[in-house]
Every structure is written in structure tokens, then in C-alpha cells.
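# Structural description and commentary
Each chain, letter by letter, is given below.
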Amino acid sequence: MPAEPPAPPLPDSWTELRAELDRWAASGRCATFWWRDDDAVAPTPALDRLLALAARHGRWVALAVIPAGAEPALADRLAGTTAAVIQHGWAHRSHAPAGEKNAELGDHRPTEAVLAELVTGRARLETLFGGRFRPVLAPPWNRIGPRVRARLGEAGLAVLSVFGARDAGPGPAQLNTHADPIDWRGTRGFAGVGRTLAPILRHLADRRTGVADPEEPTGLLTHHLAHDGEGWIFLDGLLSTLSRHPAAAWPEADTLFGARP
């Protein structure tokens, strides 16, 4: 019997990403993206690398800054860049009881106490960063209690950014992230191309087919202080792929967060 022809190679994740963007293009639509990076407090070589990467690809990044630890030198370092600043809780300190997942903004404490910290943090970031700051809250560990969330407007925070597809819960508008290249529960290094692109591909397909909100931008979550060499290489590749594809759009910060007053 004649030998069966070899099976065609399976497409790699980069090929799948380009193919998904091609589907958006074929339908006459653009897939929107945005980028959030957590835990900034001071200038570091890792931050320099992040900002250089963003500049090389012509993309802006939203730095989620920890207010309690933020240094004036960080504001000086961001001068002349396109980075936006959003609020990363207050001190990135967990108040969850032993045995529960870390959470700074859970409902473990009186809501008024949590909101007071957020107000103090927002005022500090406004003072340090001026118009670069946007009233957007990225909770540490992406966790927030329902009672705190419902009252975020009282702290002057107009947008909430957590992890996963946004929902219709009470509180401010959501601008979420959907993919993180770090293997936090394992090696704490790069999670791998396939594993990191999988949620991006899934969210894009769900948006395109109407399973998820088609207007929700697909968000990348990074942590510049924690990335290894492979992680940086991946980020460069992802930004390069998105920058080159005509169906990948990167809305300005004013469009996503609302115009500055």
C-alpha cells in the first residue's frame, strides 16, 4: 500500500494570531488592544526596558503605580514618554484572612476605610503625575470586594481594570486585561508562547463572533519587574505582530479612559 502523505504541520500560535486578525480584516473590522503594566514605584532598568519597548513599537502603556510607594523620581522618568499612570490600590498589602487569596481591596475591612485609602492614593498620584494620571483603578492581585467595587465612584475612580472578560456588575466601567505572560503559579518565569497567546486568541474570537462584548479591547497585562529574558522577547514579538497587522488597532488613552479634564 502506498504510504500515507505526512500530516501538514499544525499552525503555531503566532500563525494563529495572524490568521485571527485576518478574519477581523476580512469582516472589515479592527481588533482593539491595550497594555497595562503593574507595580511601578520608581525608575529601574526594567522600567527603562519597558518604556524603550513601547517607544520602539509606537505604543503607549498604562503603568499601574502603587501610590504609597511612588517616588517623585518616577514622575521625572516618565516625562517625555507616552505612558499613562493609573492607580494600583494603595500599598499593595493584603488584608485577607489567613487561608484566603491575597486581596488589598476586599470586603474584609469596612468599606469606608478602603475608600479612604483609595482617595489618599488618588490624590498622591494626581500630585505626582498631574495630567498623566487617569482615574482608573487596577486592584492589586486583580481582586476587589463587591461592596468596594459598587462604591468606587465615591473615591473618584471612574474605571476599573481587573483580569478577564468584563461583566455587568455594579460600579464603574471596566477596562480589563486578558493575558499575562508570567507563570505565577509555577516557575514564575515566562509561561510560553502558546499558553500566553491562547487567551488572546480566545478573547479575539469571542469578540468577533459576539460571544464576548465586541467593543471590549483585548488587554495585555505585564509586570516589568518580574519578566525574564524569554518574557521580554515574547513582548517584543507580540508588539511587532500587532503593529504590523492592519486589523490591529491601539486606541489612545483618551478614548479608553475618557478625556482628561
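Relevant structure appears above.
Let us look at the structure shown here. Per chain, the residues get numbers from 1 upward, laid out in the order the sequence is written. Only residues with pLDDT of at least 70 are given local features in this predicted model, and only at 80 or more are side-chain atom pairs given and counted; all residues enter the totals for whole chains, interfaces and linings. Only hydrogens and water are set aside; all other atoms, that is, all heavy atoms of the structure, feed into the side-chain values.

Glancing now at the pairing of strand β2 (residues 62-65). Burial classes follow relative accessibility: with a 1.4 Å probe on protein chains only, a residue under 20% of its type's maximum area counts as buried, one over 50% as exposed, and anything between as partly exposed. For helices the rule is a DSSP run of H or I covering at least 4 residues; for strands it is a run of E covering at least 2, with both sets numbered from the N terminus onward. Judged by which residues are buried, β2 turns out to be covered on both faces: Ala62 and Ala64 on one side and Leu63 and Val65 on the other are all buried. In this structure, strand β1 (residues 31-40) lies alongside β2, joined through four bridges in parallel fashion. Within the sheet, the bridge partner assigned to Ala40 lies in β2 and is Val65. As for the winding sense of the linkage, the β-α-β connection from β1 through helix α2 (residues 45-56) to β2 is right-handed. The pairing criterion for strands is at least two bridges between them, as found by DSSP. Both β2 and strand β3 (residues 84-87) contribute to a ladder of four bridges, which runs parallel. When the bridges of β3 are listed, Ala64 appears paired with Ile86. For the handedness criterion, the strands are oriented away from the viewer, and a crossover whose path from the first strand over the helix to the second runs clockwise is classed as right-handed. Following the chain from β2 across helix α3 (residues 72-78) to the adjacent parallel β3, one finds a crossover that is right-handed.

For soluble globular proteins, nonpolar side chains are generally found buried alongside one another. Throughout, nonpolar core names a set of buried Ala, Val, Leu, Ile, Met, Phe, Trp, Tyr and Cys residues whose side chains join them through atoms within 4.5 Å. In terms of nonpolar packing, the biggest core is built from 55 residues, with Leu17, Phe129 and Phe257 touching the most fellow members. Throughout, a contact is declared for two residues whenever any of their heavy atoms are within 4.5 Å. In this structure, Phe129 is in contact with Val65, Leu74, Ala75, Leu78 and Val85, ignoring residues within four places of it in sequence. Counting 12 residues, the second-largest nonpolar core is a separate cluster that includes Val114, Ile144, Leu157 and Leu160.

Let us now look at the packing of aromatic side chains. Aromatic rings from Phe, Tyr and Trp, with only the six-membered ring used for Trp, were paired whenever their centres fell within 6.5 Å, and each pair was classed as stacked if the ring planes differed by under 30 degrees, edge-to-face if by over 60, and tilted otherwise. For the structure on display, the rule yields four aromatic pairs. When the ring of Trp14 is compared with that of Phe234, the centres are 5.5 Å apart and the planes differ by 35°; the resulting orientation is tilted. Of the two residues, Trp14 sits in helix α1 (residues 13-26) while Phe234 sits in helix α7 (residues 229-244), which places them 220 residues apart along the sequence. A centroid spacing of 5.3 Å and a plane angle of 35° characterise the contact between Phe190 and Phe234, whose relative ring orientation is tilted. Remark: Phe234 occurs in helix α7 and Phe190 occurs in the loop between β6 (173-174) and α6 (193-209); sequence separation between them is 44 residues. Under the relative-accessibility criterion, Phe190 is labelled buried at 16%. Every member of this aromatic cluster is reached through a ring pair, and the members are Trp14, Phe190 and Phe234. Note that Arg29 overlies the ring of Trp24, its terminal NZ or CZ placed 4.5 Å from the centroid. The criterion is that NZ of a Lys, or CZ of an Arg, lies within 6 Å of the ring centre and within 35 degrees of the ring normal, and then a charge sits over that ring.

Let us look at the pattern of salt bridges. In what follows, salt bridge is the name for a side-chain nitrogen of Lys or Arg lying within 4 Å of a carboxyl oxygen of Asp or Glu. This model, assessed by the stated rule, comprises 13 salt bridges. Here Asp213 makes a salt bridge to Arg166, at a shortest N to O gap of 2.7 Å. Residue Asp213 is found in the loop between α6 and β7 (218-222), and its partner Arg166 is found in the loop between β5 (159-160) and β6; the two are separated by 47 residues along the sequence. Residue class for Asp213 comes out partly exposed when judged on its relative accessible area of 32%. Here the residues in one salt-bridge network are Glu20, Arg23 and Arg208, joined through shared partners.

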